[in-house]
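Observations on the model geometry
One-letter residues, chain by chain:
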Amino acid sequence: MEIMNLVVTGTVGAGKTTFIRSVSEIEVVDTDRRATDEVADLKQNTTVAMDFGTLQFGEEMALHIYGTPGQTRFDFMWEILIERAHAYVLLIAAHRPSEFHHARRIMNFMNRRAQIPMIIGITHSDCEGAWSSEDIALALGYQDVTQQPPLVLVNAAEGESVVMALVSLVEHYMQTMAAATAMVGS
Ligand SMILES: Nc1nc2c(ncn2[C@@H]2O[C@H](COP(=O)(O)OP(=O)(O)O)[C@@H](O)[C@H]2O)c(=O)[nH]1
Ligand SMILES: [Mg+2]
């Protein structure tokens, strides 16, 4: 059995904890606590350590899915998680453009520490004021479509939607690895 370590990162309220709870086959480790700081304006509970869930993926593979805490003061956890990961998904809430800058900072942090395949998962695209994927890609600094990572729309509260996002992430990982192997062989 192969184990694939995946990280779910993104801003507070993007849907990381929900994403993992929607698909995990084990009881999710609950590290959510009542928010007492600036997060309390956004929601009642926030993740203080990490989320962890597992999902059997075909017969040969088990996904171990780790969710990062959203706030910068927990970024030592980001480092621990990303360094062990095979690939990651950055969740971004489409209806909160004021957070895009922070999402970009998280992405830069991760990419500096680990050169691993990643995709962008756009949540809350059903909410009022949601930006389009194209505009979000531009806001994240991707001027050139050919250079941008795969973007998928995902509703973290819907299991099927999360499974599709995970399939995209695993496929992107496989394709990147296959391309790298072909380069070495040529
Ligand atoms: N309407 C809507 N709500 C979502 C979507 N994705 C996540 N949520 C909700 O967003 C809220 C915050 O999610 P949470 O998992 O706590 O975010 P975290 O801070 O990233 O862990 C929860 O109430 C989710 O059910 C989405 O695509 N659409
Ligand atoms: Mg959380």
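To keep things clear, this report deals only with the structure shown in the data block.

The rules behind these values
Residues numbered from 1 in each chain as written. Chains lettered and ligands numbered in written order. Predicted model: local features only at pLDDT ≥ 70, side-chain atom pairs only at ≥ 80, totals over all residues. Heavy atoms only, no water. Phe/Tyr/Trp six-rings, centres within 6.5 Å; stacked < 30°, edge-to-face > 60°. Helix = DSSP H or I, 4+ residues; strand = E, 2+ residues; numbered from the N terminus. Buried < 20%, exposed > 50% of the residue type's maximum accessible area, 1.4 Å probe, protein only. Lys NZ or Arg CZ within 6 Å of the ring centre and 35° of its normal. Pairing = 2+ DSSP bridges. Axes fitted to C-alpha atoms, helices over the stretch in contact; angles between N-to-C directions. Contact = heavy atoms within 4.5 Å. Core = buried A, V, L, I, M, F, W, Y, C linked by side-chain atoms within 4.5 Å. Salt bridge = Lys/Arg side-chain N within 4 Å of Asp/Glu carboxyl O. Parallel < 35°, antiparallel > 145°, perpendicular 65-115°, else oblique. Left-handed = near helix turned anticlockwise from the far one by under 90°. Nonpolar A, V, L, I, M, F, W, Y, C, P; charged D, E, K, R; others polar.

1. Let's talk about the packing of aromatic side chains
- In the structure shown here, the tally under the stated rule is three aromatic pairs.
- Centroid distance Phe52 to Tyr66: 4.8 Å. Interplanar angle 40 degrees. Geometry classified as tilted. With Phe52 in strand E4 (residues 51-57) and Tyr66 in strand E5 (residues 61-67), this residue pair connects regions lying 14 residues apart in the sequence. Across the pair, Tyr66 and Phe52 agree in class, each one buried.
- Arranged with centres 5.1 Å apart and planes meeting at 90 degrees, the rings of Phe100 and Trp131 form a pair that is edge-to-face. Of the two residues, Phe100 sits in helix H3 (residues 100-113) while Trp131 sits in the loop between strand E7 (118-123) and helix H4 (133-139), which places them 31 residues apart along the sequence.
- Taking the relative accessible area as the measure of exposure, Trp131 reaches 36% and is therefore partly exposed.
- Positioned above the aromatic ring of Phe109, the side-chain terminus of Arg113 is 3.8 Å from the ring centre.

2. Overview of the sheet that holds strand E6 (residues 87-93)
- Read across the sheet, six strands follow the order E4-E5-E1-E6-E7-E8 without closing on themselves; strand pairing throughout is mixed. A single partner strand is all that each edge strand has here, and the edge strands are E4 and strand E8 (151-153). Each adjacent strand pair in this sheet contributes to an overall mean axis angle of 25 degrees, direction not counted.
- Together, strand E1 (2-10), E6 and E7 form the strand contacts of H3, whose direction differs from that of E6 by roughly 170 degrees.

3. Some points on the nonpolar core
- In terms of nonpolar packing, the biggest core is built from 27 residues, with Tyr88, Ile92, Met107, Ile120 and Leu140 touching the most fellow members.
- Contributions of two or more residues to this core are made by helix H2 (75-83), E6, H3, E7 and H4.
- For this core, the element with the most residues is H3, which contributes six residues.
- Residues contacting Leu140, with those up to four places away along its chain left out, are Ile92, Phe100, Ala103, Arg104, Met107 and Ile120.
- Counting 25 residues, the second largest nonpolar core, distinct from the first, contains Phe19, Ile65, Ala165 and Val170.

4. With respect to the pattern of salt bridges
- Inspection of the entire model under this criterion finds one salt bridge.
- Across the pair Arg113 and Glu79 runs a salt bridge whose closest N-O atoms are separated by 3.4 Å. With Arg113 in helix H3 and Glu79 in helix H2, this residue pair connects regions lying 34 residues apart in the sequence.
- Classification of Arg113 by relative accessible area gives partly exposed; the value is 31%.
- By relative accessible area, which is 28% here, Glu79 ends up partly exposed.

5. Brief notes about the packing of H2 against H3
- Closest axis-to-axis distance for the H2/H3 pair is 10 Å, and the angle between their directions is 45 degrees. As the angle between them shows, H2 and H3 are arranged oblique. For the pair H2 and H3, the sense of crossing is right-handed. Taking contact as the criterion, the partners of Asp75, Trp78, Glu79, Ile82 and Glu83 in H2 are, on H3, Ile106, Phe109, Met110 and Arg113.
- Residues belonging to the contact of H2 with H3 are distributed by class as follows: five nonpolar, no polar and four charged.

6. Quick notes on the packing of helix H1 (residues 16-23) against helix H5 (residues 159-185)
- For the pair H1 and H5, the least separation of the axes is 9 Å and the interaxial angle reads 100 degrees. Compared by their axis directions, H1 and H5 come out roughly perpendicular. Here Phe19, Ser22 and Val23 of H1 lie close against H5, whose contacting residues are Gly159, Val162, Val163, Ala165 and Leu166.
- For the contact of H1 with H5, the residue count by class is six nonpolar, two polar and no charged.

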